[in-house]
Amino acid sequence: MNALVPLPVLLPLCATGLSLAFGTRLKQLQRLISVAVLTAVLGLSVTLMTVADMRGPLTVHLGDFAPPLGITLVADRLSGLMLTVSSAVTLCVLVYSLGQGMADREEETPVAVFHPAYLILVAGVSCTFLAGDLVNLYVGFEIMLVASFVLLTLGGTGPRIRAGSTYVIISLFSSMLFLTAIAMTYAATGTANFAQLAGRLAALPLGVQTLIQAMLLTVFAIKAAVFPLAAWLPDSYPTAPAPVTAVFAGLLTKVGVYCMLRTETLLFPGNRLGDLLMAAALASMVVGILGAVAQTDLKRLLSFTLISHIGFMVFGIGLATRDAYGGAIVYVAHHITVQTTLFLVAGLIERRGGTTELTRIGGLAKAAPVLAALFFVPAMNLAGIPPLSGFIGKLGLMRAGVADGGVWAWILVTGSAVTSLLTLYVMAKVWNLAFWRAAPPGQAATGTVLESDSDEDEDDDDADEGPDRIPGTGDEPVRPRHQPAGRAVAATLHGHAVTTTTKLPLPMTWATAATVALGLAFTVFAGPLTSYTDRAAAELLARTPYVQAVLGR
């Protein structure tokens with residue numbers, strides 16, 4: 001079974017070469033390769049999760065070089081669960097993107113780059129979850145960065161280039177800081193392997209330990225969008241197409257949370273910076289949800305709720321107890337699925353109503369009841385309404401806080417309750433404006449094509465003027481022109497053209513429904529899920545199974 005560990009990384013990388021080779025000439029084959037590979041990665045992830053739960057961590061030393069010389073990949077309960085959830089989500093998002101027609105309209109570029117970039121992103125995510133050393137973890141981050149920049153800026157529109165530039169500058173800064181932390185760690189201990197560091201870091205002076213821990217936490221906090229290091233996120237994600245935004249918001253930030261979980265338990269036990277983490281968690285909850293309350297654009301609103309709910313996960317890491325880690329792991333799995341679903345629904349709303357500006361749409365509950373149901377379920381899940389998985393994760397974290405009994409723990413319990421109520425208010429606001437009220441007079445009619453300033457025949461100077469500007473979406477004015485209903489001009493990666501249609505494409509709808517069902521599955525199987533995460537938390541705190549699996553002693 002150890003031989004299966006590298007495959008979630010290798011399969012997408014090999015498929016990337018095939019996808020580039022076929023390009024636009026054999027589009028159907030290119031799509032088939034992507035779907036088949038991600039399906040295989042999902043099957044492998046489930047297998048690794050199951051075997052790791054039954055037998056303990058699985059390890060492989062690439063090239064058969066023992067640590068610290070070789071590259072070590074490790075699949076334990078935590079990484080197995082993260083791989084499984086991320087694989088399921090990325091597969092659903094890929095199907096959604098195919099239905100949207102994003103990959104079908106790539107003749108404008110020399111090669112069809114969406115599929116290769118997406119597969120590289122999946123490989124990078126898998127690499128970070130399986131990495132057994134800091135260097136390989138850094139490599140996984142850089143693979144994700146390269147693919148992310150391509151996906152954010154495809155089409156070359158002004159808002160996307162600006163958002164992508166901000167994203168890549170912040171990511172490069174965190175990468176430089178990460179490299180510095182790795183160099184310091186290696187200089188002090190002579191290794192970057194997690195299992196060896198678990199024993200050697202404890203022998204360092206306390207000041208050196210704390211400095212390395214603080215640097216690594218800063219890097220991972222930037223990746224996870226923990227306040228005050230989250231200012232880049234609301235301006236970077238909403239400009240991208242719905243599938244790209246969905247996988248970024250739902251998955252990439254959780255990579256940072258995963259790294260915090262891994263390093264705080266394996267490398268830095270003792271919770272020296274627990275108070276700092278809980279302060280950051282509280283700030284993320286409050287600032288994020290207040291930012292969401294102030295938004296009228298759905299994508300920006302969801303971006304702020306993302307920052308807010310990262311605070312719940314950091315809350316569990318800051319408490320550093322078995323129950324808290326278990327609750328944090330449940331909430332990570334829940335939030336990956338729910339946040340992805342809400343951004344996919346935002347894409348459907350944009351296709352149905354022509355915009356995600358809440359002041360300009362309405363009446364969707366009557367006009368599109370299926371769409372209303374697809375929004376309502378994950379919205380209530382995010383708010384933590386019983387008995388959904390959001391409630392289960394929050395309840396676990398709050399119970400851990402009450403059991404801890406400390407001042408910060410009680411403050412975070414109160415903050416969690418207030419944040420949950422404000423999240424419910426925000427979701428109710430979206431429901432009332434977009435779904436429940438009657439359609440406003442200015443809502444786009446079916447068949448209206450809304451184009452951005454990316455169109456070649458528009459002058460950039462004119463793009464900054466006019467009454468058709470959509471609030472809350474940066475520099476993307478819209479100029480509606482009417483075409484007969486039924487002429488599909490799908491939202492693409494090469495601009496931001498949106499045609500309002502009465503009937504949504506079935507692949508988009510079914511992919512969104514699949515992510516809704518995955519979120520509900522966490523509720524139906526809450527007992528086995530919480531038992532699994534409790535075992536994962538115990539394994540994280542024990543550290544010995546991981547170290548013995550890697551070092552063989």
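Residues numbered from 1 in each chain as written. Predicted model: local features only at pLDDT ≥ 70, side-chain atom pairs only at ≥ 80, totals over all residues. Heavy atoms only, no water.

Caption draft 1: Region of the structure containing the overall build of the protein. A count of helical and extended segments in the protein gives 20 helices and five strands. Put simply, of all contacts in the protein between residues at least 6 apart along the chain, 81% involve residues at least 24 apart. Carbon and sulfur atoms provide 67% of the accessible area of the protein, an area that totals close to 19,500 Å². (Helix = DSSP H or I, 4+ residues; strand = E, 2+ residues; numbered from the N terminus. Contact = heavy atoms within 4.5 Å. Areas by Shrake-Rupley, 256 points an atom, 1.4 Å probe, with all protein chains shown as cover.)

Caption draft 2: Representation of the pairing of strand β2 (residues 71-75) within the structure. Counting buried residues in β2 gives four out of five residues, a clear majority hidden from the surface. Strand direction decides the pairing type here: strand β1 (residues 58-62) and β2, joined by five bridges, are antiparallel. Bridging across to β2, H61 finds its partner in T72. (Buried < 20%, exposed > 50% of the residue type's maximum accessible area, 1.4 Å probe, protein only. Pairing = 2+ DSSP bridges.)

Caption draft 3: Expanded view of the pattern of salt bridges. By the definition in use, this model includes seven salt bridges. Between D235 and R300 there is a salt bridge, with the nearest N and O atoms lying 2.9 Å from each other. Here the residue D235 occupies a position in helix α9 (residues 233-236), and R300 occupies one in helix α12 (residues 298-319), the gap between them amounting to 65 residues. By relative accessible area, R300 is classed as buried at 16%. Residue R322 pairs with D534 through a salt bridge whose shortest N-O separation is 2.7 Å. Taken together, the residues span a long stretch of sequence, with R322 in helix α13 (residues 322-353) and D534 in helix α19 (residues 526-542) at a distance of 212 residues. Each of the salt bridges in this network shares a partner with another, and the network as a whole consists of D53, R77, R535 and E539. (Salt bridge = Lys/Arg side-chain N within 4 Å of Asp/Glu carboxyl O.)

Caption draft 4: Just empty space enclosed by the protein, in detail. Using the criterion set out here, one finds six cavities of 30 Å³ or more in the structure. Taken together, F141, M144, L145, Y167, I170, S171, S174, I222, K223, W232, Y237 and L252 make up the full set of residues lining the largest cavity. Among the secondary structure elements, those contributing two or more residues to the lining of the largest cavity are α5 (134-153), α6 (158-189) and α8 (206-224). When residues of the lining of the largest cavity are assigned to their parent elements, the largest contribution, four residues, is made by α6. Grouping the amino acids of the lining of the largest cavity by side-chain chemistry returns nine nonpolar, two polar and one charged. (1 Å grid on protein atoms, 1.4 Å probe; cavity = no way out; pocket = protein on both sides within 12 Å on 5 of 7 lines; lining within 4 Å. Points joined across faces, edges and corners; volume = space filled by probe spheres on them. Nonpolar A, V, L, I, M, F, W, Y, C, P; charged D, E, K, R; others polar.)

Caption draft 5: Quick peek at unusual backbone geometry. Residue P228 follows F227 across a cis peptide bond; omega there is 10 degrees. Summarising the element assignment, P228 is placed in the loop between α8 and α9. Of note, the amide linkage connecting P386 to P387 takes the cis form, showing an omega dihedral of 0 degrees. Mapped onto the elements, P387 comes out in the loop between α15 (369-383) and α16 (389-404). One non-glycine residue, A225, lies in the positive phi region at around 65 degrees. Judged by relative accessible area, which is 0%, A225 ranks as buried. Despite not being glycine, A320 has its phi angle at roughly 60 degrees, a positive value. Along the polypeptide, A320 turns up in the loop between α12 and α13.

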